[in-house]
Amino acid sequence: ERDGGGRLYPGHIRASPLQKALLAAGSALAALRDPYRHDMVAVLGETTGCLVLPNLRDKMRNDPEGSRILQERPRIRLATLDVEGLRRLPEGTLGREYLRFLEDNKVSPDTRMPAKFVDDEELAYVIQRYREVHDLMHTLLGMPTNMLGEVVVKWFEAVQTGLPMCVLGAAFGPIHLNARKLQVLATELIPWAVRSGRNANCVLNIYYEQRWEQPVASLREEIGIFPPP
Amino acid sequence: VYQVFESVARKYDVMNDSMSLGIHRVWKDVLLHKMNPSPGTLLLDVAGGTGDIAFRFINYVRSVRERQLRRKLKHHQNLSWQEIADSYQEEAIKPLGDSQVVVCDINTEMLKVGRQKAEHLGYSEGLSWVVGNAEELPFGDEKFDVYTVAFGIRNVTHIDLALQEAYRVLKPGGRFLCLEFSQVTNPVLSRLYDLYSFQIIPVLGEIIAGDWKSYQYLVESIRRFPPQEEFKEMIEDAGFLKVDYQNLTSGIVAIHSGFKL
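Because the structure is predicted, anything quoted here is derived from the model rather than measured.

Trainee: Report on the interface of chain B and chain A, specifying residues and quantitative values.
Mentor: Taken together, the 13 residues of chain B in the interface contact 20 residues of chain A. It is Q199, I207 and W212 of chain B that lose the most area in chain B upon contact with chain A, and together they represent 42% of the buried surface on that side. Here chain B and chain A share one salt bridge between them. Residues E206 of chain B and K116 of chain A are paired through a salt bridge, measuring 3.1 Å at the closest nitrogen-oxygen approach. On inspection of chain B and its partner chain A, the count reaches five residue pairs in polar contact (both at pLDDT 80 or more). Of all the secondary structure elements, the ones that give two or more residues to the side of chain B that touches chain A are α8 (187-209) and α9 (212-224) of chain B. Looking at the side of chain B that touches chain A residue by residue, the class counts come to seven nonpolar, three polar and three charged.

Structure follows, in structure tokens:
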């Protein structure tokens, strides 16, 4: 742990099994206390994801579009997005709606934390891709970035990826919601998210950057996401 | 080093409490008792960032002053009411008895946190906050009665220069006091301490401050610092006399003391 050796990718931190266990427990508690600690959610994902990430990676390898993503390693960054080009796209296309989502909710794809505690650089990319695609999930599901929207997306992602962090977030996220929202969540939103998650193909296998012009409705149909309630 | 402390400044106090389980407060109290300052002392606290030593100094001097005034009153049984009222006024005007502490730190973020803490806790007079480098202090020669550096000197690139500067700014008769991490004397405890330092502290840094790397650096800098005897010799090299040290908590920290005579 002392020197700079043993780093598989920039930002990689080698942690012992004891440290990973402590990190998992500590980040879970920290995220529960303050759900806006995105860094803690990220750490939780990395330290608990080790069993699931290889499955996700294999799903990508077995799909032609997914394996292209693994090879080309695209990153979603404001610098590489042609923002004005996206703005000019017709209403209802993925690119236009994604941009609208970013601006309405005042978020940026650049705030996604890079992976630190994953000990395989391909798996580090997989979890990175999952994080960067999260905003596109919001767009495809039509969910805003408030607590309720985030919980719905987490349910969808939990079913899709099986990442323990998503499962925990889906299970414990609703703690911060009031009764009225919980009702809507339980009766309409969660069942829809779960059904869509089960029905849909693996969302990590879509090369979103090559589909900006595709209408959102058509992409939803292609993937297998049911229209939002 | 500067960037490490910039990111660390905000959460500094929380991390100190978490890492040392609050024991750092005891260590600092011991430092003040060893110093035993009397009212009228001029203290320079270097790398004092968030003000822990400075506030303790003020509290100590204030209580010494109160005791002084009360003792004076007791001795003069035949005081007139006017004289008694005057001495209460004296206590009100000069609660510190002209004692002063200058907190000097290279990092403006740490000083900012310190100033905010002072305001929050109600410390107003006798305190100054100055930006400065321990290797080249912005003060004239022979200005201070006591020079302290608590958990700061291990971060200085040229420790010998800092010690020389300490010697320069102290008045003749002045005292140098350093509270710093040192080498653990007991081999069993040393193993446990290493385990704790390398396994737990970076994790705490990540969870509490979102900063693994800074606390990894901290743990490494502690290991690199010279052990008790070697540091004692360095202090003697700078010209200090009657240099000795006191181990606390089996050598996890040590207080080194020297005089400019």
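Trainee: Residue-level account of empty space enclosed by the protein, with values.
Mentor: All names here are of chain A. According to the stated counting rule, one finds one cavity of 30 Å³ or more in the structure shown. When its volume is computed, the largest cavity comes out at roughly 30 Å³. Y130, V133, H134, M137, E157, T161, V203 and L204 are the residues that line the largest cavity. Broken down by secondary-structure element, the contributors of at least two residues to the lining of the largest cavity are α7 (121-141) and α8 (147-161). At four residues, the largest contribution of residues to the lining of the largest cavity is made by α7. Among the residues forming the lining of the largest cavity, the class breakdown is five nonpolar, two polar and one charged.

What counts, and where the lines are drawn
- Residues numbered from 1 in each chain as written.
- Chains lettered and ligands numbered in written order.
- Predicted model: local features only at pLDDT ≥ 70, side-chain atom pairs only at ≥ 80, totals over all residues.
- Heavy atoms only, no water.
- Contact = heavy atoms within 4.5 Å.
- Buried area = accessible area lost by both parts, 1.4 Å probe.
- Salt bridge = Lys/Arg side-chain N within 4 Å of Asp/Glu carboxyl O.
- Polar contact = N/O pair within 3.5 Å; in protein donor to acceptor, adjacent residues only side chain to side chain.
- Helix = DSSP H or I, 4+ residues; strand = E, 2+ residues; numbered from the N terminus.
- Nonpolar A, V, L, I, M, F, W, Y, C, P; charged D, E, K, R; others polar.
- 1 Å grid on protein atoms, 1.4 Å probe; cavity = no way out; pocket = protein on both sides within 12 Å on 5 of 7 lines; lining within 4 Å.
- Points joined across faces, edges and corners; volume = space filled by probe spheres on them.

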